[in-house]
Amino acid sequence: MTSSADAAIAALRSGHDTLAAHVRDLPAADLTGPSGASEWDVSQVLSHLGSGAEIHLATVEAALAGEPNPGFEFNKGVWARWDAMAPAARAEGFLAANDALLAKYESLDAGTRADLRIDMGFLPAPVDVATAASLRLSEYTFHSWDVRVGGDPRAVLAAEAVPLLTGTLGGMFGWLAKSDALDGKELTLRVETTGPDAVHGLRLADKVELTDAPADADGVLRLPAEAWLRLIVGRLSPQHTPAAVETVGEADLALLRQVFRGF
């Protein structure tokens, strides 16, 4: 039986294999071209993913050894080293660092995947392998899109990751959603997604939150699940919005883009 840890690790491997092939084929000039992350070029996104893989691997290894999280000073040293790299070195380093992290995850036996608890360093308590791998999957999936969309405006999130990520970002609305954009307005929207099919309620007020599907709504937003995920993290700009997105009533994409401005 496939566990949630197994599924997250398999999606990480699939996503990496796809992105690695893309990165290996990138002309050198494209590494300094624009990415889907507005303040970073492609090499800087790869630096973020590569340094993140290195830090994440050290975190997992510390947990396996029964040691504390390596800590913020360790992280700062890793970031500084990657920041100093040339664009080509960032790309090469990313390929090696992320493959090393995945090899470590893939080496964990079923008992370890079920029982190991990992101190991520920024959460109130250690988490299981499924949670740690899912956190990495979220980061990896969105930044993989950032890398790919620079050369393909129609790029979408990795299909194998989308079902695993839908439903997981509601708990992050506290820092992803910017309620100041509402200017005091309060709305309840019905959000209908496809691939996978689901229905959510989206309450827009001083606190922005997911709710059960509302019986009455001020508007309806219909869109692919991957586009819904990209909206939540500020990556559904007009030029990257698929034709399948529909709005009814007061479901205003322009307003939603202001509420979900990204991180």
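It should be noted that the structure appears before, not after, this text.
Residues numbered from 1 in each chain as written. Predicted model: local features only at pLDDT ≥ 70, side-chain atom pairs only at ≥ 80, totals over all residues. Heavy atoms only, no water.

### Structural notes on helix α3 (residues 72-83)
Helix length check: α3, at 12 residues, gives a terminal C-alpha distance of 16 Å against a target of 16 Å (1.5 Å per residue), a fit within 8%. Residues of α3 that are buried include every one of Asn75, Val78 and Trp82, and no others. Take α3 and look down its axis: the buried residues cluster within an arc of 65 degrees, on one side only. Summarising the geometry of α3, the exposed residues directed more than 90 degrees from the buried face are Glu73 and Asp83. Lining the buried residues of α3 we find α2 (42-64) and α4 (87-107). (Helix = DSSP H or I, 4+ residues; strand = E, 2+ residues; numbered from the N terminus. Expected span 1.5 Å × (residues − 1). Buried < 20%, exposed > 50% of the residue type's maximum accessible area, 1.4 Å probe, protein only. Arc of directions from axis to C-beta. Contact = heavy atoms within 4.5 Å.)

### Topic: the pattern of salt bridges
Tallying each qualifying case throughout the model produces 17 salt bridges. Residues Arg113 and Asp6 are paired through a salt bridge, measuring 2.7 Å at the closest nitrogen-oxygen approach. Pair noted here: Arg113 is in helix α5 (residues 110-115) and Asp6 is in helix α1 (residues 4-24), with a separation of 107 residues, a long-range link. Judged by its relative accessible area of 15%, Arg113 falls in the buried class. (Salt bridge = Lys/Arg side-chain N within 4 Å of Asp/Glu carboxyl O.)

### Quick look at the side chain of Ser43
Within the fold, Ser43 resides in helix α2. Among all residues touching Ser43, those that are not within four sequence positions of it are Leu31, Pro87 and Arg90.

### Thoughts on the packing of aromatic side chains
Counted under the stated rule, the structure contains three aromatic pairs. Aromatic pair Phe72 and Trp79: ring centres 5.8 Å apart, planes at 70 degrees, arrangement edge-to-face. The class for Trp79 is partly exposed, based on a relative accessible area of 34%. Each ring, one from Phe94 and one from Tyr140, has its centre 6.3 Å from the other, and the planes form 25 degrees; the classification is stacked. Placement of Phe94 in helix α4 and of Tyr140 in helix α6 (residues 129-149) is noted, with a sequence separation of 46 residues between them. Classification of Phe94 by relative accessible area gives buried; the value is 0%. Overall, Tyr140 belongs to the buried group, its relative accessible area being 2%. (Phe/Tyr/Trp six-rings, centres within 6.5 Å; stacked < 30°, edge-to-face > 60°.)

### Quick look at the sheet that holds strand β3 (residues 187-194)
Pairing is mixed in the open sheet, where five strands are placed in the order β5-β4-β3-β6-β7. Each end of this open sheet is capped by a strand with a single partner; those strands are β5 (209-211) and β7 (246-249). Neighbouring strand axes in the sheet, compared pairwise and without regard to direction, differ in orientation by 25 degrees on average. One ladder, built from seven bridges, connects β3 with strand β4 (residues 198-204); its direction is antiparallel. Each residue of the ladder has a partner; that of Glu192, found in β4, is Val199. Each of β3, β4, β5 and β6 (219-224) is contacted by helix α9 (residues 225-232), which is oriented at about 110 degrees to β6, the strand it contacts most. (Pairing = 2+ DSSP bridges. Axes fitted to C-alpha atoms, helices over the stretch in contact; angles between N-to-C directions.)

It is worth stressing that arrangement in space is one thing and function is another; only the former is reported here.
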